[in-house]
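Listed below are the residues making up each chain.
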Amino acid sequence: MEALLPLFVVIPLGFAFITALLGRYIPLFHRIAIPLVFLFLSVLSVWMMANLRETVLTYMVGGWEPVNGIPVGIHLSADGFSVLLLVIINSLAFLSAFYSYAYIEQYTSGHYFYALFCLMVAGMNGVAVTGDIFNLYVFLEIAAIASYALVAFGIKKEELEASFKYQVLGGIGSLFILFGIGVLYWATGTLNMADIHKIIGSTAVSPGIVFAGVLLLAGFGIKSAMVPFHSWLPDAHSSAPSPISAMLSGVLIKSIGIYCLLRFFFNIFTASSQVAYVITTLGVASMVIGAFLAIYQWDIKRLLAYSSISQIGYVVMSAGIGLILLCNHGDIHVAALAIFGGIYHLMNHAFFKGLLFLNAGSLEYRLKTRNLLKMGGLASSMPVTSSTSLVASMAIAGIPPFNGFFSKLVIIVAAVKSGFYGLAIIAVIVSIITLSLFLKFQRYAFYGKPSESATTEKDVPFSMEGTMILLAVCCLLLSLLIFPFFRNLILMPAVHALMNATI
Amino acid sequence: MVLFIMCFILFLVGLYGVITRRNLIKIIIALSIMEYSLNLFFILIGYRKGGEIPILKDAGAVPPVVVDPLPQAMILTAIVIGLATTALLLAIAIRLYRKYKTFDVSGINALKG
């Protein structure tokens, strides 16, 4: 099964080049082939998840076997957490690519759009499967550069400005990460993740390793838009074409931000409680400030982008609580519960925030505006968009029986059990603010006084409708993961993969 | 050690430039300075005093001290990535200049809040 790992990188990378070359001559080739490719990859990743369970796969690129137990060459490795991320990336990529079938007609040069899309997914899949820190940097940059270009795809004033801002901040983040990797190599003399963990665990903490930790925290903090570093996210995520916004907000900040952060601080460094407190603080700050900034927005996609910052804060906060408990030798089961809540919320957020951005894309497709004040009364003329966005809004606000309710509940229960009562109260308050945010979105977009366009508009084409309905069903089905059978099958391998190295 | 500290100072010079400059082209130059300082840093990690090039000359005759080849390979990759980022940044800067007729950041402010 380990021979399948390179396919997740090779297939999208190959199709990126094929699409860029052939897309101009064969119309419809890219619009049909690319969703099928991602459908295949998502089926493959689900199959891997069903068969993998608690084992770790390792694939040695080029057949370079370890010499005397020291790894040479690049290793690809997949454990429960990477495979879960592969499932999220590829299924959302399939849905976004299928949605783009109709949406991309607004733009010229659609084949370049699909080529960059494939390149971005190749980079993200690479980040998920790699076991080598420099290789991780290379894949991270592939995904990031493709996303810079995709943000500027509309080449209007706002898109270009957002892309420039994103590139400068993203570039600083990447350089911090590269610096951290250099310092880590200097201190340990190896690039393999498992090997670094072994060396760091067997020696005393040196200043070099602490410095590398600080640099990596700053770099991945910028990539995942935690609060002191968040200023690029609302611009970039609101200016990109909507399927790309769904990918950026739903997957990209998780795979090249949160995933790497958790991977480094749980599996590579020996955790210290100071770092864990810093991570928790960053999470709480993003959660609160993101929600408050979102209230003032009248542009739908900016509102959704700020709420992404806030929801990412939940994930980081609960992972931080888990790390604090593991460092202070607290209750292992509560720590597992906190990490479980974080990963569950990460998965849920990918689906409901993806759906919300696709809803915003449908509104923009029909109305040619993103301003909430110019909408109203669209519930009757756009029934599918309206009802699916209602589902997503209830999921993100945490109303049962949708998935967001259960993951927030787990996070709050974990915070209470670990003794952080203040954090639990903050999480509840932010959840209420999120509810008010999405009531505002529903009220101004779909209900209330009908705008002049409300009666004349019809709903969006089939591919866009179908995607939104599928995602809404996913939002409902994912709440099943709270039951022990599905939880042990899908989420617990990821939790154990993160905790094993730390204990 | 002095060289490492100077490398770090160069990195900070670049960071200062990115934060304070208001011209798009100068921001791009400052980012490149940061990148070059990291390239130097990686080469310094691999350096061994009196080391030779890491190539086996005759059969099995290993030189006593060789420089570490891995950071050199890594930095070749990083230079290529840096080229891609800089090219994309410059392309966007030119497009921005055509829209706004200026390279000044304070004149480019369509996005707020």
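How each quantity is defined
Residues numbered from 1 in each chain as written. Chains lettered and ligands numbered in written order. Predicted model: local features only at pLDDT ≥ 70, side-chain atom pairs only at ≥ 80, totals over all residues. Helix = DSSP H or I, 4+ residues; strand = E, 2+ residues; numbered from the N terminus. Rg over C-alpha atoms; globule rule 2.2 N^0.38 Å. Buried ≥ 20, exposed ≤ 12 C-beta atoms within 10 Å, placed from the backbone. Contact = placed C-beta atoms within 7 Å. Nonpolar A, V, L, I, M, F, W, Y, C, P; charged D, E, K, R; others polar. Expected span 1.5 Å × (residues − 1). Core = buried A, V, L, I, M, F, W, Y, C linked by C-beta atoms within 7 Å. pLDDT = per-residue confidence, 0-100. Axes fitted to C-alpha atoms, helices over the stretch in contact; angles between N-to-C directions. Parallel < 35°, antiparallel > 145°, perpendicular 65-115°, else oblique. Left-handed = near helix turned anticlockwise from the far one by under 90°.

Participant: How do you make sense of the overall build of chain A when you look at a structure like this?
Facilitator: Each helix and strand counted, chain A has 18 helices and 2 strands in total. In terms of overall dimensions, chain A is globule-like: its C-alpha atoms have a radius of gyration of 22 Å, near the 23 Å expected for 503 residues. Across its three principal directions, the C-alpha atoms of chain A cover 70 × 55 × 45 Å. Here chain A holds 503 residues, and the buried ones make up 61% of them. Across chain A, every contact between residues at least 6 apart in sequence was considered, and the portion connecting residues at least 24 apart equals 79%.

Participant: What's the story with the overall build of chain B in this structure? I'm lost.
Facilitator: In terms of helices and strands, chain B carries 3 helices and 0 strands. Starting at the N terminus, the α and β elements of chain B follow one another as α-α-α. Taken over C-alpha atoms, the radius of gyration comes to 20 Å for chain B, far larger than the 13 Å a tight globule of 113 residues would show. Its C-alpha atoms give chain B principal-axis dimensions of about 65 × 30 × 20 Å. Across the 113 residues of chain B, 24% fall into the buried class. The long-range share in chain B, meaning contacts at least 24 apart out of those at least 6 apart in sequence, stands at 49%.

Participant: Is there a simple way to think about unusual backbone geometry in this case?
Facilitator: With the exception of glycine, most residues fall at negative phi, and the peptide bonds are largely trans. Residue and element names in this part refer to chain A. For the bond running from Pro-400 to Pro-401, omega is 5°, close enough to zero to count as cis. Its place among the elements puts Pro-401 in the loop between α14 (383-397) and α15 (403-417). Within the chain, Lys-368 stands out as a residue other than glycine whose phi angle is a positive 60°. Position of Lys-368 among the secondary structure elements: in the loop between α13 (332-367) and α14. Looking at Lys-368, the number of C-beta atoms within 10 Å reads 10, which means it is exposed.

Participant: Help me understand the interface of chain B and chain A in this model?
Facilitator: Note on interface size: it is often stated as the accessible area lost on association of the parts. Contacts between the two partners involve 25 residues from chain B, matched on the other side by 26 residues from chain A. Among the elements of the structure, α2 (24-46) and α3 (69-100) of chain B are those that each provide at least two residues to the side of chain B that touches chain A. With 13 residues, α3 of chain B is the largest single contributor of residues to the side of chain B that touches chain A. The class makeup of the residues in the side of chain B that touches chain A is 20 nonpolar, 2 polar and 3 charged.

Participant: Would you take a moment to explain helix α5 (residues 133-151) of chain A for this structure?
Facilitator: Taking 1.5 Å per residue as the helical rise, α5 of chain A with its 19 residues ought to reach 27 Å, and the 27 Å between its terminal C-alpha atoms agrees with that figure. The buried count for α5 of chain A comes to 18 of 19 residues, which makes it a mostly enclosed element.

Participant: Would you mind showing me how to read the nonpolar core here?
Facilitator: Residue and element names in this part refer to chain A. With 222 residues, the main nonpolar core has Ala-143 and Cys-475 as its most contacted residues. In terms of residue count, α13 provides more of this core than any other element does, 18 residues in total. In this structure Ala-143 touches Met-120, Gly-123, Met-124, Val-127, Leu-252 and Ile-256, once residues within four positions along its chain are discounted.

Participant: Explanation requested: the confidence of the model for chain B in the structure shown.
Facilitator: Close reading of the predicted structure is inappropriate where its pLDDT is low. Of the residues in chain B, 96% have a pLDDT of 70 or more, and the chain-wide mean is 88. Two numbers describe this predicted complex: its pTM, 0.94, and its ipTM, 0.94.

Participant: Whenever I open this one, helix α8 (residues 207-223) of chain A confuses me. Can you help?
Facilitator: For an α-helix, the turn length of 3.6 residues means that residues three or four places apart are oriented alike. Residue and element names in this part refer to chain A. Taking 1.5 Å per residue, 17 residues should reach 24 Å; α8 reaches 24 Å between its end C-alpha atoms and fits that length. Of all the positions in α8, only Ile-209, Ala-212, Gly-213, Leu-215, Leu-216, Leu-217, Gly-219, Phe-220, Gly-221, Ile-222 and Lys-223 are classed as buried. Taken together, the buried residues of α8 touch α6 (157-188), α7 (193-202), α10 (242-268) and α11 (273-295).

Participant: Where do I start with the packing of α5 of chain A against α3 of chain B in this structure?
Facilitator: Relative orientation and spacing of two packed helices are given, respectively, by the angle between their axes and the distance between those axes. At a closest axis distance of 11 Å, the pairing of α5 of chain A and α3 of chain B adopts a crossing angle of 10°. Put simply, α5 of chain A runs roughly parallel to α3 of chain B. Residues Phe-134, Val-138, Glu-141, Ile-145, Tyr-148 and Ala-149 of chain A of α5 of chain A lie in contact with α3 of chain B, whose contacting residues are Met-74, Thr-77, Ile-81, Ala-84, Thr-85 and Leu-88 of chain B. Partitioning the contact of α5 of chain A with α3 of chain B into residue classes produces 9 nonpolar, 2 polar and 1 charged.

Participant: Explain the environment of Ala-128 of chain A to me, please; I cannot follow it from the model alone.
Facilitator: All names here are of chain A. Within the secondary structure, Ala-128 is located in helix α4 (residues 110-129). Accessibility expressed as a C-beta count within 10 Å gives 30 for Ala-128, which makes it buried. Taking C-alpha positions, Ala-128 is 21 Å from Gly-313, a pair spaced 185 residues apart along the chain. Residues contacting Ala-128, with those up to four places away along its chain left out, are Ser-82, Leu-85, Leu-86, Ile-89, Ser-255 and Tyr-259.

Participant: Hey, could you run me through the packing of helix α1 (residues 7-22) of chain A against α4 of chain A in this one?
Facilitator: Residue and element names in this part refer to chain A. Packing of α1 against α4 brings their axes to within 8 Å, and their N-to-C directions diverge by 165°. The angle between α1 and α4 falls in the class roughly antiparallel. Our pair here, α1 against α4, has a crossing hand that is left-handed. Across from Phe-8, Val-9, Pro-12, Leu-13, Phe-15, Ala-16, Thr-19 and Ala-20 in α1, the residues of α4 making contact are His-111, Tyr-112, Tyr-114, Ala-115, Cys-118, Leu-119, Val-121, Ala-122, Asn-125, Gly-126 and Val-129.

Participant: Is there a simple way to explain the confidence of the model for chain A in this structure?
Facilitator: The share of residues in chain A with pLDDT of 70 or more is 98%, and the mean pLDDT across the chain is 89. The lowest-confidence element of chain A is helix α18 (residues 484-502) of chain A, averaging 83 in pLDDT; the highest-confidence one is α5 of chain A, averaging 94.

Participant: What is the right way to read the environment of Leu-378 of chain A from this model?
Facilitator: Relative to the helices and strands, Leu-378 of chain A is located in the loop between α13 and α14. Owing to 27 C-beta atoms within 10 Å, Leu-378 of chain A belongs among the buried residues under this scheme.

Participant: Would you explain the environment of Ser-96 of chain A in this entry?
Facilitator: Residue and element names in this part refer to chain A. Checked against the element boundaries, Ser-96 lands in helix α3 (residues 80-103). On the basis of neighbour count, Ser-96 is assigned to the buried category, with 29 C-beta atoms found within 10 Å. For the pair Ser-96 and Met-468, spaced 372 residues apart in the sequence, the C-alpha separation amounts to 9.7 Å. Look past the residues within four positions of Ser-96 in its chain and what remains in contact with it is Pro-243, Ala-246 and Met-247.

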